[in-house]
Amino acid sequence: MIVNKITYIVSVALLLATFVFTANAAALAAAAALIAMPVITVVACRSSVALLKLDFDLPRSCVVNAPLALRITLDRPLMFRGRMELSFSVYNQLTGTRTVCPVSLAPATGRPASFELELDSTVCGAHTIVLDTARLVDEMGFTSLALEDVGFHGLFTVYPEILDIQVDPHQSASAGLEGMSYDPHRSGQDASEVFDVRPYREGDAVKSIHWKLSTRFDDMLVREASRPQDQTIAILFVAFAPDFEQSGRSEVLSAVLSFTASISLALMRQGYHHVVVAAPEGSLAAYPVDDRRDFNKMLDALTATPLGPAYPTSHEHYAKLVAAKGISKTVLVAVSVDEQIYIDMGRLTDLSVLHVSDSVESYSIERGANYIITHCPVSSDAARIKSLEL
């Protein structure tokens, strides 16, 4: 636009000089037309503001590193030539980071034109995107008008990759099978104990049909399994803001979320009742997972909950949660190694640690004083893992 203004000024000066030295009427008329041009463009720009249409289309989600774009459709009047200057701000609720995305659009006049603003999908988390400013600028750059009635507020979530793995929480099997208690209010996955008998519903497993009672009452009936109260598994998502302050660690955060979600889904598919626990500022948030709906709710909450600002100074809150939920097994997914913390937590429940790090090159398993730790690399090779011993 600076070049346009310089060209305009030089052109007017040359035409006026031509008229002064040659008395050329055509040069004077051309100079007058150029001098009037800013007024004409300002009027045209103001008239176009009321007729301009701006629409946005944003996908609701994507998997980390998958293509993601905000589609912008702009329809402006035929008489106006120029460009749109837009500025968006994107806020990641998980990491607390905010980025600004300026956009300059110059569509053809008189017909709708679509543009795509590529969004960053390398960092997991629930994101909000807001249109901060929208300005209409004429072709010569003489005027810039703010579009007061144009606004946009969108939400999208970048989810971690879910790995297809099998888990073996073998230590939890040692948690007293005798004297087991069951939840009297909710069904579960322990088919060895019947919670209730009810009419068959579409989607029920054939193996759950109670054939004798179905024959007796001439109606298809199924057994509902019970829910053990004293063998709950907890997946502890241990990630805090200081872990990811350095640039380039978004891959580590994605891997921690990926392993957390993958283990949860594997446990759910294998019939293990469990809770996923996050540690936001000042408290613990527990999300029970029994079915796919619970899993989706948990993943949405996990990606939208801000990372805690610092490591907890004690395990008092988790000890209370262990007592309240009857947790007998903890799977801790972390980005750092602290042997004393592991020993302390191993006194509360059976403990398995999944250490996810960008400094680890291959999988390895170690046995600590009262826990098992598996070191997992942050790389594309992570997708090759088929089973985890917890």
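Residues numbered from 1 in each chain as written. Predicted model: local features only at pLDDT ≥ 70, side-chain atom pairs only at ≥ 80, totals over all residues. Heavy atoms only, no water.

## Remarks on the sheet that holds strand 6 (residues 113-118)
Just so we agree on the cut-off: Two strands form a pair only when DSSP identifies at least two bridges running between them. For the purposes of this entry, the term helix denotes a DSSP run of H or I that reaches at least four residues, the term strand denotes a run of E that reaches at least two, and both are numbered from the N terminus. The convention used is that axes are lines fitted to C-alpha atoms, helices contributing only their stretch in contact, and that angles between N-to-C directions extend from 0 to 180 degrees.
The strand order across the open sheet formed by 3 strands is 1-3-6, and the pairing between neighbours is antiparallel. Looking at strand neighbours, the two that pair on one side only are strand 1 (53-57) and strand 6, the edges of this open sheet. Between one strand axis and the next, the sheet turns by 20° as a mean value, whatever way the strands run.

## Re the pattern of salt bridges
Put simply, the test is: Definition used for salt bridges: Asp or Glu carboxyl oxygen within 4 Å of a side-chain nitrogen of Lys or Arg. A 1.4 Å probe rolled over the protein chains alone gives each residue an accessible area, and that area as a share of the maximum for its type sets the label: buried under 20%, exposed over 50%, partly exposed in between.
Inspection of the entire model under this criterion finds 6 salt bridges. Residues R71 and E116 are paired through a salt bridge, measuring 2.8 Å at the closest nitrogen-oxygen approach. You can see R71 sitting in strand 3 (residues 69-75) and its partner E116 sitting in strand 6, a full 45 residues away along the chain. Its relative accessible area of 36% is what places R71 among the partly exposed residues. We classify E116 as exposed; its relative accessible area is 52%.

## Quick word on empty space enclosed by the protein
Cut-off, in case you're wondering: Here a cavity denotes a set of grid points, spaced 1 Å apart and computed over the protein atoms alone, in which a 1.4 Å probe fits but from which it cannot get out, and a pocket denotes an open set meeting protein on both sides within 12 Å along at least five of seven lines; residues with an atom within 4 Å of a point are reported as lining. Grid points are joined across faces, edges and corners, and a volume is the space filled by probe spheres set on the points. Under the grouping applied here, Gly and all other residues not named as nonpolar or charged are polar, the nonpolar ones being Ala, Val, Leu, Ile, Met, Phe, Trp, Tyr, Cys and Pro and the charged ones Asp, Glu, Lys and Arg.
Enumeration over the complete set of coordinates arrives at 1 cavity of 30 Å³ or more. Of the volumes computed, that of the largest cavity is approximately 70 Å³. Lining the largest cavity are F237, A239, A278, A279, P280, L302, T305, P306, L307 and G308. Considered class by class, the residues forming the lining of the largest cavity number 8 nonpolar, 2 polar and no charged.

## A word on the side chain of R198
For the record, the criterion: Contacts are residue-level and defined by heavy atoms, with any inter-residue pair within 4.5 Å sufficient.
Secondary-structure assignment places R198 in strand 11 (residues 182-199). We classify R198 as buried; its relative accessible area is 13%. For R198, the contacting residues outside a window of four places in its chain are D204, M220, L221, V222 and E224.

## A word on a nonpolar patch on the surface
Convention followed: Patch building starts from residues that exceed 30% relative accessible area and form no salt bridge, then joins like charges within 9 Å and nonpolar side chains (Val, Leu, Ile, Met, Phe, Trp, Tyr) within 5 Å. We get accessible surface area from the Shrake-Rupley algorithm with a probe of 1.4 Å; when it comes to residues, only the shown protein chains can shield them.
On the surface, Y200, V206, W211 and M220 cluster together into a nonpolar patch covering about 420 Å² of accessible area. Mapped onto the secondary structure, Y200 falls in the loop between strand 11 and helix 3 (211-217). Overall, the relative accessible area of 37% leaves Y200 in the partly exposed class.

## Re the packing of helix 4 (residues 250-269) against helix 5 (residues 292-304)
Stated precisely, the cut-off is as follows: Throughout this description, any angle smaller than 35 degrees is read as roughly parallel, any larger than 145 degrees as roughly antiparallel, any in the 65 to 115 degree range as roughly perpendicular, and the remainder as oblique. With the far helix as reference, a near helix turned anticlockwise by less than a right angle produces a left-handed crossing, and one turned clockwise produces a right-handed crossing.
Contact geometry of helix 4 with helix 5 gives a least axis separation of 10 Å together with a crossing angle of 165°. Regarding the angle of helix 4 to helix 5, the classification is roughly antiparallel. In this structure, the crossing between helix 4 and helix 5 has a hand that is right-handed. Of the residues in helix 5, those in contact with L257, T260, A261, S264, L265, M268 and R269 of helix 4 are R292, F295, M298, L299 and L302.

## Topic: the environment of I365
Among the secondary structure elements, I365 is positioned in strand 18 (residues 364-367). Residues I365 and H355 lie 10 residues apart in sequence; the distance between their C-alpha atoms is 9.9 Å. If we ignore the near neighbours within four places in the chain, the residues touching I365 are I372, I373 and T374.

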